[in-house]
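Structural overview
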Amino acid sequence: MNDAENLYYIDFDKLFENYADRYYVEHESEYDSPDDFARDLDKVYHEWATSPQDVLGGISPSEFFNRVPTAELVDILKGACAGENNPSSLLYDRIATEPIVLPDLVALANETDDEKLLTVTMSLISELGGAADVFYLDMLERNVDAAVKEQCIEALCDHAEDVKDELIARAKAADDVGMIELYIEPLTYCTPGDDDILELLRLLLRTDPNVAYVAALMGRYGDTRATADLYPLLDTCDYAEFLEIRNAIEELGGAVDDKYRDFSDDPLFQAVKGENNN
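Residues numbered from 1 in each chain as written. Predicted model: local features only at pLDDT ≥ 70, side-chain atom pairs only at ≥ 80, totals over all residues. Heavy atoms only, no water.

**Observations concerning the state of the cysteines**
Under the defined criterion, the tally for this structure stands at 0 disulfides. There is no disulfide at Cys 81, and the cysteine sulfur nearest it, in Cys 152, is 17 Å away. The buried category is assigned to Cys 81, whose relative accessible area is 2%. (Disulfide = S-S within 2.5 Å. Buried < 20%, exposed > 50% of the residue type's maximum accessible area, 1.4 Å probe, protein only.)

Now the structure itself:
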């Protein structure tokens, strides 16, 4: 069995856990408590990663991963994420230095339904510089974990102007408020003044129960025309919403008097004022 094949069976986290346990027993007198030892874990991990291990044939974990052929890394990642396993940070770091595997990682992300494997793969894609914008757009429409969708949103925010037209088209075609939210998020990083983006924000304001969130999106986008939509909300909102709406209006160049409404009966207002008075 070669090194790459061994990676399917070796639990590197368990190897380190055993090493750390032995290290603590041998050096316990140097620490006042286990918490003190915890602060040294990075140092202990580095020592373990660079020290020869019998189970690895006398080479260090770092060297072990360095010897794995690049062509086998993605297959090893699959095995390392199987079942209860988790990929070693050393494997992650090795893959993150190999741009040549990026197309294979993108292909893996497109084909896998395994939540853990997808999350790790998406993170590695980001580490290696990211994928084509359409990859992230399509991923948003899949039934994937919220953390994965957040990674896609972050990537699209970085290229918002490049994908603006496609984001607008998909948002207009969406019949679900949650999907419209996903497309709107990166659109708010585009240059203010686009009628379509403003109308989509207004649509969300009418249909999304999270008024404070939509107000924050409007403030971020920076289209001053949105103040006309935000001011009327001040008359019916609770205090938490008031704070976000006021912030958005101020971001857009408007102003709202702190005493615009009496929130003395609002629990959040009472809590905030109580903390300020202490």
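**Topic: helix 10 (residues 133–140)**
Taking burial as the measure, the 8 residues of helix 10 include 6 buried ones, the bulk of the element. Listed in full, the buried residues belonging to helix 10 are Asp 133, Phe 135, Tyr 136, Leu 137, Met 139 and Leu 140. Summarising the contacts, the buried residues of helix 10 are in contact with helix 8 (102–111), helix 9 (115–127), helix 11 (146–158), helix 12 (164–173) and helix 13 (177–187). (Helix = DSSP H or I, 4+ residues; strand = E, 2+ residues; numbered from the N terminus. Contact = heavy atoms within 4.5 Å.)

**Thoughts on the packing of helix 10 against helix 11**
Where helix 10 contacts helix 11, the axes come no closer than 9 Å and their chain directions differ by 145°. Handedness of the helix 10/helix 11 crossing: left-handed. Residue-level contacts link Asp 133, Tyr 136, Leu 137, Met 139 and Leu 140 of helix 10 to Val 148, Lys 149, Cys 152, Ile 153, Ala 155 and Leu 156 of helix 11. The residue makeup of the contact of helix 10 with helix 11, split by class, is 9 nonpolar, no polar and 2 charged. (Axes fitted to C-alpha atoms, helices over the stretch in contact; angles between N-to-C directions. Left-handed = near helix turned anticlockwise from the far one by under 90°. Nonpolar A, V, L, I, M, F, W, Y, C, P; charged D, E, K, R; others polar.)

**Thoughts on the side chain of Thr 112**
Counting through the fold element by element, Thr 112 comes out in the loop between helix 8 and helix 9. At a separation of 3.1 Å, a polar atom in the side chain of Thr 112 contacts the main-chain amide nitrogen of Asp 114. Those residues in contact with Thr 112 that sit more than four places away from it in its chain are Leu 117, Leu 118 and Arg 142. (Polar contact = N/O pair within 3.5 Å; in protein donor to acceptor, adjacent residues only side chain to side chain.)

**Quick look at the nonpolar core**
The tendency in soluble globular proteins is for nonpolar side chains to be buried side by side. Core analysis: the biggest nonpolar cluster contains 88 residues, and Leu 77, Leu 105, Met 122, Ile 125 and Met 139 have the highest contact counts within it. Each residue touching Leu 77, except ones within four places of it in the same chain, is listed here: Pro 87, Leu 91, Ile 95, Leu 105, Leu 108, Leu 117, Val 120, Thr 121 and Leu 124. (Core = buried A, V, L, I, M, F, W, Y, C linked by side-chain atoms within 4.5 Å.)

**So, the side chain of Arg 94**
Within the secondary structure, Arg 94 sits in helix 7 (residues 89–95). Under the relative-accessibility criterion, Arg 94 is labelled buried at 9%. Polar contacts involving the side chain of Arg 94 include one to the main-chain carbonyl oxygen of Val 68, which spans 2.8 Å. When neighbours within four sequence positions are excluded, Arg 94 is seen to be in contact with Phe 65, Asn 66, Arg 67, Val 68, Pro 69, Thr 70 and Leu 73.

**What to know about the pattern of salt bridges**
For the structure on display, the rule yields 18 salt bridges. Note that Arg 39 and Asp 36 form a salt bridge whose closest N and O atoms lie 2.1 Å from each other. Linking Asp 195 and Arg 225 is a salt bridge whose minimum nitrogen-to-oxygen distance equals 2.8 Å. Placement of the pair is Asp 195 in helix 14 (residues 195–207) and Arg 225 in the loop between helix 15 (211–221) and helix 16 (227–230), with a sequence separation of 30 residues. Here Asp 195 falls in the partly exposed class, since its relative accessible area comes to 48%. (Salt bridge = Lys/Arg side-chain N within 4 Å of Asp/Glu carboxyl O.)

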